Amino acid sequence: LLIILGITLQPILSTFYLSFFKTTLGKITPDIFVGLGNYTDLLLDPLFWQTIQRTLYFTFVSVGLELVLGLAIAQLIHSHPPGWRFLRTSLIIPWAVPTIVNATMWRWIYNADYGALNGLLLNLGLIDKYIPWLTYPQTAMNLVILADIWHSVPFIALILQAALATLPTELEEAAAVDGANALKRFLLIRLPLLRSAILVALVIRTVEAFRVFDIIYVITNGGPAFGTVTVSFLTYLETFSYGNVGRGAAVSF
């Protein structure tokens, strides 16, 4: 506990202290105490509120879809179809790939000149020329979400599949004898019993999604036109790109 406090509490307090100063990276100029100035500047900055909206959008859409897809895959594995062991093992591959590698792969897929996405859609006849997907802010954000979903769905699926394997079968068997169909058994028996596992997966993934940085840094670098800048990325920009350490500390805090 002391070690955890030492490596978390001290940086939090230091960041809080810095947020009250106008200070630059490398201490080029003396620190100037501005009180709540950094916070008021942020609250009056439209870019900051747009960043909050984009971060919430990324979090809700990605985590929501990951939960739905993860639950569906867990159900599929739990029903033991042919090849279910191979499916469960292959699920680990996207999750095991480092985020930077995953993001680099998807950046190539989305590439406007030689990307696999353009090639696939062109061969299917859905487009007649290559499209620069990452030049449109909303499209770029949705494509980053798609890459994040591909990487994170296995995590939720494996948690829920492990929880499904521990559920008692007597309740569902009794409900089936009483005439409950598969949908009712899932909604009224299986889903409530999965509540704790779903909560664990949701909490972990929500925290990770809200502080997303690396996948955005690699795929879009915050562009186009700040269209994929999230809170963590704005903290990085203010602190390390613009050198405004005090303002960056206020953003992060």
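Below, the structure is looked at part by part. Please read these numbers as outputs of a predicted model, since none were measured by experiment.

Concerning the packing of helix α6 (residues 99-109) against helix α8 (residues 137-165)
- Look at α6 against α8: their axes get within 10 Å of each other, and the N-to-C directions meet at 135°. Relative to α8, the element α6 is oriented oblique. Here α6 runs over α8; the crossing is right-handed. Note on element contacts: α8 touches α6 through Leu146, Ala147, Trp150 and His151, opposite Thr99, Asn102, Met105 and Trp106.

Side note on the side chain of Thr220
- The residue Thr220 is located in the loop between α12 (214-219) and α13 (231-241) in this model.
- Accessibility expressed as a relative area gives 15% for Thr220, which makes it buried.
- Among the polar contacts listed, one links the side chain of Thr220 to the side chain of Thr228, at a separation of 2.6 Å.

A word on the nonpolar core
- Core analysis: the largest hydrophobic core is formed by 34 residues, its most contacted members being Phe58, Tyr110, Val144, Ala147, Ile215, Ile216 and Ile219.
- Put simply, the parts of the chain that give this core at least two residues each are α2 (37-43), α3 (46-78), α6, α7 (116-123), α8, α12, α13 and α14 (245-252).
- In terms of residues, this core owes the most to one element, α8, which gives 7 residues.
- Leaving out residues up to four positions away in the same chain, Ile216 has contacts with Val144, Asn221, Gly222, Thr228, Thr230 and Phe233.

Quick word on unusual backbone geometry
- The omega torsion of the bond from Gly223 to Pro224 falls at -5°, within 30 degrees of zero and hence cis.
- Secondary-structure assignment places Pro224 in the loop between α12 and α13.
- Phi is positive for His80, close to 55°, though the residue is something other than glycine.
- Note that His80 resides in the loop between α3 and α4 (84-90).
- If you check the backbone angles, Asn221 has positive phi at about 55° while not being a glycine.
- Relative to the elements of secondary structure, Asn221 occurs in the loop between α12 and α13.
- Look at Asn221 and you get partly exposed, because its relative accessible area is 49%.

So, the packing of α3 against helix α10 (residues 182-193)
- Interhelical geometry of α3 versus α10 gives an angle of 95° and a closest axis separation of 14 Å. Overall, the two elements α3 and α10 adopt an arrangement that is roughly perpendicular. From α3, Leu71, Gln75 and His78 reach across to α10, where they touch Phe186, Arg190 and Leu191.
- Looking at side-chain class alone, the contact of α3 with α10 contains 3 nonpolar, 2 polar and 1 charged residues.

Each value, and the rule that gives it
- The residue numbering used here restarts from 1 in each chain and proceeds along that chain's sequence as written.
- Reporting in this predicted model follows two pLDDT cut-offs: at least 70 for local features of residues, and 80 or more for side-chain atom pairs to be given and counted; totals over whole chains, interfaces and linings ignore these cut-offs and use all residues.
- Side-chain figures throughout are based on the complete set of non-hydrogen atoms in the structure, without hydrogens or water.
- Axis lines are fitted to C-alpha atoms, over the contacting stretch for helices. Their N-to-C directions set the angle, which ranges from 0 to 180 degrees.
- Strands here mean DSSP runs of E at least two residues long; helices mean DSSP runs of H or I at least four residues long; both are numbered from the N terminus.
- Put simply, angles under 35 degrees are roughly parallel, angles over 145 are roughly antiparallel, angles from 65 to 115 are roughly perpendicular, and the rest are oblique.
- What makes a crossing left-handed is the near helix being turned counterclockwise from the far one by less than a right angle; a clockwise turn instead makes it right-handed.
- Whether two residues are in contact is decided by their heavy atoms, any of which lying within 4.5 Å being enough.
- The buried label goes to any residue with under 20% of its type's maximum accessible area, the exposed label to any with over 50%, and the partly exposed label to all in between, with areas taken from a 1.4 Å probe on protein chains only.
- We call two N or O atoms a polar contact when they sit within 3.5 Å, provided that within protein one can donate a hydrogen and the other can accept it, with sequence-adjacent residues counted only if both atoms are side-chain atoms.
- Throughout this description, the term nonpolar core refers to a set of buried Ala, Val, Leu, Ile, Met, Phe, Trp, Tyr and Cys residues connected via side-chain atoms within 4.5 Å.
- Three classes are used, and their members are as follows: Ala, Val, Leu, Ile, Met, Phe, Trp, Tyr, Cys and Pro are nonpolar, Asp, Glu, Lys and Arg are charged, and the others, Gly among them, are polar.

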